[in-house]
Amino acid sequence: MARLPTQARQNSGAIAPCQSPCHRPPAQDLDPPVGLVALNSPVYVDRPPSETRCYDEIARPGALIRIKAPSQMGKTSLMVRLLDQARRLSEGGNSPIHTVALSLQQADSQALNDLDGFLRWFCALITRKLRLPHRVDEYWSPTFGSKGNCTAYFEDCLLPDLNAPLVLALDRVDDVFLHPQIAHDFFSLLRAWYEEAAYGDSGNPLWQHLRLVIVHSTEVYLPLDINQSPFNVGLAVELQEFTPVQVMDLAQRYGLSLAAADLQQLQELVGGHPYLVHRALYHLARQDLTLDEFWQTAPTDSGIYANHLHRLLRQLQEHPDLAATFDQVTRASAPIEVEQMQAFKLRSMGLVHLHGNRVALSYGIYRRYFGDIAP
């Protein structure tokens, strides 16, 4: 797979210090932009109204919140803040609010290939995180189906023992999309629980204690019955890229004062992608490289984005059909139509933006790094 040659713009490598109050931590204390942004981090950027809508919704009994965005857009960072907000509500209320964050990436392949094993693992891990007695094996009955056992376990063991709201945040649910043998039943189960809470007193009021947060990075392309899907109910929040004003604000938080032309060039290269922007500003703030060095090396194998670009390259190489579609996108000068599933996958990787039923390359760095991709 060839890659496009890099044509780096030459300009001054000097960065003026920030003249306004920047709340900049010492350079050596800056957290590298890998994974989620810590709760106490001074470089977390709010993207209104996403946070406010989530914080308001999590206070509602039986709430369901869906957070969607492509890879490395800050979904988990928002999820962590949402759980923290729930705990703050608990401190100001009459009863505690319990929180559990569960990444479905933790499920091994054996569990993901068998519904009964998956739901046992699901219940057991939540039980452990809540520090409740483990009763899954003794409670699981061969008389009832897997979904019935899981529901009964929540109704008879988890929710009554807590006797208080439970916020259950499910991260990386995309991993379940790849296993249709469990996906349909699992997602229909979540929808059933949400509806039980909506019934109020006419159903089991215990379900009003459960508040679900579902985090995923791609479109839901599973052929789920509209009445059994949790992806068309509750509050949907789609995280957006940083705006130019937010990029400027973040630069100041890192203690940088970039010229307007440099900020514009940065966005031409990486848009407002949170991870890519954070990584550039982090290394500039630490003086690991100059602006000149950044422009020259960013879209290469020796730059600060090498691991990010290599990961995308491997994913494309593993899926030749997807690589061929992406090649069409990189060659196009305007948005083009591609097969819907391919569009969803490329978007979840962050490689394209959707324009109605068409797609276009998301950032200049990908055009400069990736060249012709042979099918």
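It should be emphasised that the depicted structure is a prediction, and the values quoted were computed from it without experimental measurement.

## Quick look at the pattern of salt bridges
And step 1. One pass over the structure, following the stated rule, counts 14 salt bridges.
And step 2. The salt bridge involving Arg-347 is made with Glu-238; its shortest N-O contact spans 2.3 Å. In this pair, Arg-347 sits in helix H15 (residues 340-348) while Glu-238 sits in strand S6 (residues 235-238), placing the two residues 109 residues apart along the sequence.
And step 3. The class for Arg-347 is buried, based on a relative accessible area of 11%.
And step 4. Look at Glu-238 and you get partly exposed, because its relative accessible area is 32%.

## Observations regarding the side chain of Asp-84
And step 1. On the secondary structure map, Asp-84 appears in helix H2 (residues 75-92).
And step 2. In this structure the side chain of Asp-84 is engaged in a polar contact, spanning 2.8 Å, whose partner is the side chain of Arg-88.

## Details of the sheet that holds strand S3 (residues 98-103)
And step 1. As summarised here, the arrangement of the five strands in space is S3-S4-S5-S2-S6, forming an open sheet in which the pairing is parallel. What marks the edges here is a single partner per strand, and that holds for S3 and S6. Each neighbouring strand pair of the sheet contributes to a mean axis angle of 15 degrees, computed without reference to strand direction.
And step 2. Docked against the sheet, helix H1 (residues 50-57) engages strand S2 (64-68) and S6, running at close to 155 degrees with respect to S6.
And step 3. Running over the sheet, helix H8 (residues 180-199) touches S2, strand S4 (166-171) and strand S5 (210-216) and is turned about 145 degrees from S5.

## What to know about unusual backbone geometry
Apart from glycine, the bulk of residues carry a negative phi angle, and the bulk of peptide bonds sit in the trans form.
And step 1. Residue Pro-49 follows Pro-48 across a cis peptide bond; omega there is 5 degrees.
And step 2. With respect to the element layout, Pro-49 can be found in the loop between strand S1 (16-17) and H1.
And step 3. One non-glycine residue with positive phi stands out, namely Gln-72, at about 65 degrees.
And step 4. In this structure, Gln-72 sits in the loop between S2 and H2.
And step 5. With phi around 60 degrees, Arg-172 is a residue other than glycine that occupies positive phi space.
And step 6. Checked against the element boundaries, Arg-172 lands in the loop between S4 and helix H7 (174-177).
And step 7. Overall, Arg-172 belongs to the partly exposed group, its relative accessible area being 34%.

## Brief notes about the state of the cysteines
And step 1. One pass over the full model with this rule turns up zero disulfides.
And step 2. Considering cysteine sulfurs only, Cys-123 is the nearest to Cys-150, which forms no disulfide, with 3.5 Å between them.

## Description of empty space enclosed by the protein
And step 1. Throughout the structure, instances matching the rule amount to two cavities of 30 Å³ or more.
And step 2. The calculated volume of the largest cavity comes to roughly 40 Å³.
And step 3. As for the largest cavity, its lining consists of Leu-258, Asp-262, Leu-266, Ala-280, Leu-281, Leu-284, Leu-291, Phe-294 and Trp-295.
And step 4. Looking at the lining of the largest cavity, its residues break down into eight nonpolar, no polar and one charged.
And step 5. Of the voids in this model, the second largest cavity is the one considered here, and its volume is about 30 Å³.
And step 6. Forming the walls of the second largest cavity are Gly-62, Ala-63, Trp-193, Tyr-194, Ala-197, Trp-207, Leu-210 and Leu-212.
And step 7. Elements with a contribution of two residues or more to the lining of the second largest cavity: H8 and S5.
And step 8. With three residues, the top contributor of residues to the lining of the second largest cavity is H8.
And step 9. Tallied by class, residues from the lining of the second largest cavity come to seven nonpolar, one polar and no charged.

## As for helix H13 (residues 306-318)
Since the α-helix turns once every 3.6 residues, residues separated by three or four places project in the same direction.
And step 1. Spanning 13 residues, H13 covers 18 Å between terminal C-alpha atoms, matching the ideal 18 Å at 1.5 Å per step.
And step 2. Where H13 is concerned, the buried positions are Ala-306, His-308, Leu-309, Leu-312, Leu-313 and Leu-316. One face of H13 carries all of its buried residues, which in axial projection span an arc of 165 degrees. In H13, the exposed residues that point more than 90 degrees away from the buried face are Asn-307 and Glu-318.
And step 3. Contacts from the buried residues of H13 go to helix H11 (274-285), helix H14 (320-331), H15 and helix H16 (364-369).

## Here's the deal with the nonpolar core
And step 1. Ranked by internal contacts, the top residues of the largest apolar core, which has 52 residues, are Phe-294, Tyr-305, Leu-351 and Tyr-366.
And step 2. In terms of residue count, H11 provides more of this core than any other element does, eight residues in total.
And step 3. Setting aside residues up to four positions removed in sequence, Tyr-305 forms contacts with Val-270, Leu-276, Arg-279, Ala-280, Phe-294, Ala-298 and Ile-365.
And step 4. Formed by 47 residues, the second largest nonpolar core is a distinct cluster that contains Leu-102, Leu-132, Trp-140 and Phe-177.

Scoring rules and cut-offs
Residues numbered from 1 in each chain as written. Predicted model: local features only at pLDDT ≥ 70, side-chain atom pairs only at ≥ 80, totals over all residues. Heavy atoms only, no water. Salt bridge = Lys/Arg side-chain N within 4 Å of Asp/Glu carboxyl O. Helix = DSSP H or I, 4+ residues; strand = E, 2+ residues; numbered from the N terminus. Buried < 20%, exposed > 50% of the residue type's maximum accessible area, 1.4 Å probe, protein only. Polar contact = N/O pair within 3.5 Å; in protein donor to acceptor, adjacent residues only side chain to side chain. Pairing = 2+ DSSP bridges. Axes fitted to C-alpha atoms, helices over the stretch in contact; angles between N-to-C directions. Contact = heavy atoms within 4.5 Å. Disulfide = S-S within 2.5 Å. 1 Å grid on protein atoms, 1.4 Å probe; cavity = no way out; pocket = protein on both sides within 12 Å on 5 of 7 lines; lining within 4 Å. Points joined across faces, edges and corners; volume = space filled by probe spheres on them. Nonpolar A, V, L, I, M, F, W, Y, C, P; charged D, E, K, R; others polar. Expected span 1.5 Å × (residues − 1). Arc of directions from axis to C-beta. Core = buried A, V, L, I, M, F, W, Y, C linked by side-chain atoms within 4.5 Å.

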